[in-house]
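# Survey of secondary and tertiary structure
Below are the chains, spelled out letter by letter.
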Amino acid sequence: MDKNRIIIVGGGVIGLSIGWRLAKGGREVILFDRDRAGRAASWASAGMLTPLAEVRFEEEGLLRFGLEGLRRFPEFVAELESDIGRDTGYRPDGVLLVGITRDDVEYLRFRHAYQRDLGLPVEWLSGVQAREREPHLAAQISAAVWCPEDHQVDNRLFIDALKLGFQKAGGTLRESTPVESIEIQGERVRGVRVHNEVQSAATVVLAAGCWSRLIPGLPGAVQPPVRPVRGQILRLKMTADLRLDTMVWYSRVSTSAVAYLVPKDNGHLVVGATSEEMGYETCLTAGGLFELLRTAYEAVPGIYDLPIVETTAGLRPGSRDDAPILGKTPVEGLVMATGHYRKGILLAPITAYAIAELIFTGQTPDAIRPFGIDRFLS
Ligand code: GLY
């Protein structure tokens, strides 16, 4: 077995970020992806770094981790950009959470009170104040919560930067190379099997998103409880007459429909996303896109005439409690980094820093202690 080699299974934003940190730390790292690295959930995302806007009731541990992830994002992308000499489209934009009907506004008010109780820097706006901030909002918007400290990154530039950074730091990227099994002997990982040959390594990091529990060779106790949650998402092309400067998020309470609109520097307006439990099916549906566009149109009617550039769907890796699964497992040398659900891009840097520290020192950093797989073991 090769004592110094580290194998990463899965080349999404999580696997690539960890790989980059480890390769920069001087380790021999091989990353296997079943397809093209970064082209699954990470590619389909909108790149929102929005722990304040997306906080959900009674998820304060995850909020703290998200806020730490947001705090460390700028240093991570600054180092990456300087390594490769390319931009990642990181923008400190802010999000407007908007409401139209009475029930939208009641719910927004309740969430706003919760955000304030948590000490988050968010601001209640009337409809008029919201339109002063973003003039393209519909006249029907009657209230909003402004979250100025939420940011965004261009997820696709970020992915391509990570791929380049990883390889430039000496990492080996093996695409279109599915891992056939994780090789475990006794209580210890020995490597992985690809093309029917064992590639040995003392450390294997499982970062295969919603496919993580399907990789053969994992004993039941270390199969991470993750499932695919489909998100249909589309990209429009903004025009000189309709360019948003901030992210906009509308949740229509009466139907639970959600649409967020995320403007990018290249003129794309990303409109996402559905949340559907459809197994590993990634097809687009008429109903899904219809609901998405209708909800987005209610918030920003000017999108009606914008050209559609792309429609796509990705599979978020959702765990049983919607939090990631990180760190050591009962199998020595096998490390988890999966289950990031709706927050893969936001949590990639903090995950990478923590997993690299764990591998370099053998100690689990405090930041990821609440997210071990042991919380699911009875
Ligand atoms: N973070 C937004 C989403 O997963 O749809």
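Everything that follows concerns the structure shown earlier in this document.
This text gives an overview of the structure that appears in the document. Just so you know, the residues in each chain are numbered from 1, in the order the chain's sequence is written. For a predicted model such as this one, the threshold for reporting local features is a pLDDT of at least 70, and the threshold for listing and counting side-chain atom pairs is 80 or more; totals across whole chains, interfaces and linings nevertheless cover every residue. Calculated side-chain values reflect all of the structure's heavy atoms, with hydrogen atoms and water omitted.

By the convention used here, strands pair only if DSSP detects at least 2 bridges between them. The way it works is that DSSP assigns letters per residue, a run of H or I at least four long becomes a helix, a run of E at least two long becomes a strand, and they are numbered from the N terminus. Pairing within the open sheet is antiparallel, and its three strands lie in the order E9-E10-E11. Where the open sheet ends on each side, the last strands, each with one partner, are strand E9 (181–185) and strand E11 (197–200). Neighbour-to-neighbour, the strand axes of the sheet open up by a mean angle of 40 degrees, direction not taken into account. Whenever a helix is involved, its axis is fitted only over the stretch in contact; in every case the axis is a line through C-alpha atoms, and angles between N-to-C directions fall within 0 to 180 degrees.

For the rest of this paragraph, the subject is the environment of serine 82. Positionally, serine 82 belongs in helix H3 (residues 60–84). When a residue's accessible area, from a 1.4 Å probe over protein chains only, is under 20% of the maximum for its type it is buried; when over 50% it is exposed; and in between it is partly exposed. Its relative accessible area of 60% is what places serine 82 among the exposed residues. Along the backbone, serine 82 and glutamine 199 are 117 residues apart, and their C-alpha atoms lie at a distance of 32 Å.

Looking now at the packing of aromatic side chains. For Phe, Tyr and Trp, where Trp contributes only its six-membered ring, two rings pair if their centres lie within 6.5 Å, and the inter-plane angle classes them as stacked under 30 degrees, edge-to-face over 60, or tilted in between. Evaluation of the coordinates by the stated rule reveals twelve aromatic pairs. Seen in terms of ring centroids, tryptophan 20 and phenylalanine 76 are 4.9 Å apart; in terms of plane orientation they differ by 80 degrees. Their pairing is edge-to-face. Taken as a pair, tryptophan 20 in helix H1 (residues 13–24) and phenylalanine 76 in helix H3 lie far apart in primary sequence, 56 residues in all. Where tryptophan 211 meets tyrosine 280, the ring centres are 6.1 Å apart and the plane angle is 35 degrees; that geometry is what we call tilted. One end of the pair, tryptophan 211, is in the loop between strand E12 (203–206) and strand E13 (226–237); the other, tyrosine 280, is in the loop between strand E16 (268–272) and helix H7 (286–299), with 69 residues separating them in the sequence.

In this description, a disulfide is simply a cysteine sulfur pair whose atoms lie within 2.5 Å. This structure, assessed with the given rule, holds zero disulfides. The structure places no disulfide on cysteine 210, whose sulfur is separated from the nearest cysteine sulfur, that of cysteine 283, by 15 Å. Exposure remark for cysteine 210: the relative accessible area of 1% places this residue in the buried category.

Taken together, Met48, Glu54, Tyr260, Ala273, Arg316 and Arg342 are the residues near the ligand. By the criterion applied in these results, polar contacts are pairs of N or O atoms within 3.5 Å in which, for protein atoms, one can donate a hydrogen and the other can accept it, and in which residues neighboring in sequence qualify only through two side-chain atoms. Within the side chain of glutamate 54, one N or O atom sits 3.4 Å away from a nitrogen atom of the ligand. Arginine 316 is positioned with one of its side-chain polar atoms (N or O) 2.7 Å from an oxygen atom of the ligand. Surface accessibility follows the Shrake-Rupley procedure with a 1.4 Å probe radius. Residue values consider only the protein chains on display as shielding. Isolated, the ligand exposes 200 Å² of accessible area, and the fraction of that covered by the protein chains is 89%. Grouping the amino acids of the shell around the ligand by side-chain chemistry returns three nonpolar, no polar and three charged. Residue proximity to a molecule or strand is established when one non-hydrogen atom of the residue lies within 4 Å of it. Asp, Glu, Lys and Arg are counted as charged, while Ala, Val, Leu, Ile, Met, Phe, Trp, Tyr, Cys and Pro are counted as nonpolar; the rest, among them Gly, fall into the polar class.

This brings us to unusual backbone geometry. The omega angle of the peptide bond from glycine 272 to alanine 273 is -25 degrees, so this bond is cis rather than trans. Its location among the elements puts alanine 273 in the loop between E16 and H7. In this structure, glutamate 58 takes a positive phi of about 60 degrees despite not being glycine. Mapped onto the elements of the fold, glutamate 58 is located in the loop between strand E3 (48–49) and H3.

All right, on to helix H4 (residues 102–117) then. To estimate how far a helix should reach, multiply one less than its number of residues by 1.5 Å. Given a rise of 1.5 Å per residue, 16 residues ought to cover 22 Å, and the 23 Å separating the end C-alpha atoms of H4 matches this to within 8%. Where H4 is concerned, the buried positions are Asp104, Val105, Leu108, Arg111, His112, Tyr114 and Gln115. Residue contacts are counted whenever heavy atoms from the two residues lie within 4.5 Å of one another. Lining the buried residues of H4 we find H3, strand E4 (95–99), strand E5 (123–126), strand E6 (143–147) and strand E14 (247–252). Within two residues after H4, glycine 119 carries a phi angle of roughly 80 degrees, on the positive side.

This brings us to the nonpolar core. Put simply, a nonpolar core is a bunch of buried Ala, Val, Leu, Ile, Met, Phe, Trp, Tyr and Cys residues held in one set by side-chain atoms that sit within 4.5 Å of each other. Within the largest apolar cluster, 71 residues are counted, with the highest numbers of intra-cluster contacts made by Ile8, Ile18 and Phe158. Looking at this core, the element that brings in the most residues is helix H8 (residues 344–361), giving twelve residues. Every residue in contact with isoleucine 8, bar those within four places of it in the chain, is listed here: Gly15, Ile18, Gly19, Leu22, Val29, Ile30, Leu31, Phe32, Val205 and Ala207.

Another aspect to go through is the pattern of salt bridges. Here, a salt bridge means any side-chain nitrogen of Lys or Arg that lies within 4 Å of a carboxyl oxygen of Asp or Glu. Taken as a whole, this structure holds 24 salt bridges when the rule is applied. For glutamate 175, the salt bridge is made with lysine 163, and the minimal N-O distance between the two is 3.2 Å. Taken together, the residues span a long stretch of sequence, with glutamate 175 in the loop between strand E8 (172–174) and E9 and lysine 163 in helix H6 (residues 155–168) at a distance of twelve residues. When its relative accessible area of 29% is taken as the criterion, glutamate 175 is described as partly exposed. Here lysine 163 falls in the buried class, since its relative accessible area comes to 13%. Ionic contacts of the salt-bridge type, sharing partners, join the residues Arg21, Lys24, Glu79 and Asp83 into one network.

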